[in-house]
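# Breakdown of the fold
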Amino acid sequence: MILVTGATGNVGAAVVAELAAKGEPVRAFVRDATRAREHLGASVELATGDFEDTASIARALHGVDAVFLSSADHPQKVAHETAVIEAARAAGIQKIVKASTVGAEAGSLLPPFDWHGRIEDNLRASAIPSVVLRSYYYMTNLLASAEPVRQAGKLFAPLGEARIAMIDPRDTGAVGAAALVTDAYNGKILDLSGPEPVTYEQVAEELSRVAGHTVEFVSIPDEAARQTFVQMGIPGWLLVHFEHMFPLLRSGFIAQPTDTVRAVTGREPRSFATWARDHAAAFRG
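Residues numbered from 1 in each chain as written. Predicted model: local features only at pLDDT ≥ 70, side-chain atom pairs only at ≥ 80, totals over all residues. Heavy atoms only, no water.

### Quick word on the sheet that holds strand E8 (residues 189–192)
- If you walk across this open sheet you meet the 7 strands as E3-E2-E1-E4-E5-E6-E8, and the pairing is parallel. Of all the strands in the sheet, just strand E3 (45–48) and E8 have a single pairing partner and so form its edges. In this sheet, adjacent strand axes meet at a mean angle of 20 degrees when their direction is disregarded.
- Sheet topology note: the strand E5 (residues 95–101)/strand E6 (residues 130–135) ladder contains 6 bridges and is parallel. Each bridged residue has a counterpart across the sheet, and for Val97 the counterpart in E6 is Val131.
- On the sheet, helix H1 (residues 10–21) packs against strand E1 (2–4), strand E2 (26–30) and strand E4 (66–69) and is oriented at approximately 155 degrees with respect to E1.
- Lying on the sheet, helix H2 (residues 33–40) is in contact with E2 and E3; it crosses E3 at an angle near 155 degrees. (Pairing = 2+ DSSP bridges. Helix = DSSP H or I, 4+ residues; strand = E, 2+ residues; numbered from the N terminus. Axes fitted to C-alpha atoms, helices over the stretch in contact; angles between N-to-C directions. Contact = heavy atoms within 4.5 Å.)

Laid out in structure tokens, this is it:
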């Protein structure tokens, strides 16, 4: 039995789907069983609970052999995922596959990078066999720009000509599922990217094709982006993350793709064009 935490998120749901397709017994750790059932289907076993409820974590781990560890970025992320790691160690879990991020490092100026780095350190200290998936920038981040694309045909970002080998979360999920059912990747850190780097100019071109109207990329200054985020009321930690992340992306931080998805799954990672077609409805006026 494999337990998937964060099972209704983009990556977690993909792991559940991949495991189910392989015929593997899978259990989803969720807070809202009704929503999870609608999202994951009728055949997936559900364990209802919360990361802050250690008893619910222990119940979810009963009879489990391996865990896919994922949770939303949040100031309590380290505490939440560490609680799962500690409960897994007590339960004798044989493997944990963790969804992490490229750039993860304890002490990083980017809060999510710091959180993931600290969790990775805790995972290594647990001595549980593990695999860490460090994904590049997710294509689903573009969904945050869907409204201005729909309403004004504009894609705003302080990215200039940055080249980003962004990845479809479904491919991270496919690698995660594969790593859960084999010991070949135990102890490894896997860097995951899409098939090629793309610019936001190219992103706008693909969105134009699928949205049925012209989409123009508008590169804005960092300060203008910051003011917009402040007006939106985003959390302070996310504001700090963006302030550091956009310059990193412009520097070519994740411009070089890896071949990990193909090597692990035997298939090529999805292109941005494929992702855009699959999510076209979000960008149509």
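Now that the structure is up, let's keep going.
### What about the layout of surface pockets?
- Size it by volume and the second largest pocket reaches roughly 220 Å³.
- Surrounding the second largest pocket, 14 residues form its lining, Asn10, Ala13, Ala14, Asp168 and Arg170 being those nearest its centre.
- Elements supplying a minimum of two residues to the lining of the second largest pocket: H1 and helix H7 (169–180).
- At 5 residues, the largest contribution of residues to the lining of the second largest pocket is made by H1. (1 Å grid on protein atoms, 1.4 Å probe; cavity = no way out; pocket = protein on both sides within 12 Å on 5 of 7 lines; lining within 4 Å. Points joined across faces, edges and corners; volume = space filled by probe spheres on them.)

### Here we look at H1
- Its 12 residues give H1 an end-to-end C-alpha distance of 17 Å, which sits within 8% of 16 Å, the value for a rise of 1.5 Å per residue.
- Where H1 is buried, its residues touch E1, E2, H2, E4 and H7. (Expected span 1.5 Å × (residues − 1).)

### Details of the pairing of E8
- Of the two faces of E8, the one lined by Leu190 and Leu192 is fully buried and the one lined by Ile189 and Asp191 carries no buried residue.
- Pairing geometry for E6 and E8, over 4 bridges, is parallel. The partner of Ser135 across the bridge, within E8, is Leu192. (Buried < 20%, exposed > 50% of the residue type's maximum accessible area, 1.4 Å probe, protein only.)

### With respect to the packing of aromatic side chains
- Applying the stated criterion across every chain, the model contains 9 aromatic pairs.
- Ring centres of Phe29 and Phe51 lie 5.7 Å apart, and the angle between their planes is 70 degrees; on these two criteria the pair is classed as edge-to-face. Pair noted here: Phe29 is in strand E2 and Phe51 is in the loop between E3 and helix H3 (54–61), with a separation of 22 residues, a long-range link. Taken individually, Phe29 and Phe51 each receive the classification buried, so the pair is uniform in this respect.
- Connected via pairs of aromatic rings, a cluster forms that spans Phe229, Phe242 and Phe246. (Phe/Tyr/Trp six-rings, centres within 6.5 Å; stacked < 30°, edge-to-face > 60°.)

### Describing the nonpolar core
- Residues Leu142, Met166 and Tyr200 are the most contacted members of the largest nonpolar core, which totals 69 residues.
- When residues in this core are grouped by element, the largest group, 6 residues, is from helix H8 (residues 200–211).
- If you look at the next biggest cluster of nonpolar residues, it comprises 25 residues, including Phe51, Leu61, Trp237 and Leu238. (Core = buried A, V, L, I, M, F, W, Y, C linked by side-chain atoms within 4.5 Å.)

### Brief notes about the pattern of salt bridges
- What the rule picks out here adds up to 19 salt bridges.
- Put simply, Arg118 and Asp114 hold a salt bridge, and the shortest N to O gap is 3.2 Å. Linking Arg118 with Asp114, this pair stays in helix H5 (residues 111–126), spanning 4 residues, or about one helical turn.
- A residue is classified by how much of its surface remains accessible, and Asp114, at 14% relative accessible area, is buried.
- Among the ionic pairs, Arg124 bridges to Glu120, the shortest N-O distance being 3.7 Å. On the criterion of helical spacing, the pair formed by Arg124 and Glu120 is a turn pair, its members being 4 residues apart in helix H5.
- Note on Glu120: relative accessible area 1%, which makes it buried.
- Look at the salt bridges and you will find they share partners, linking Asp73, Lys77, Glu81 and Lys98 into a network. (Salt bridge = Lys/Arg side-chain N within 4 Å of Asp/Glu carboxyl O.)

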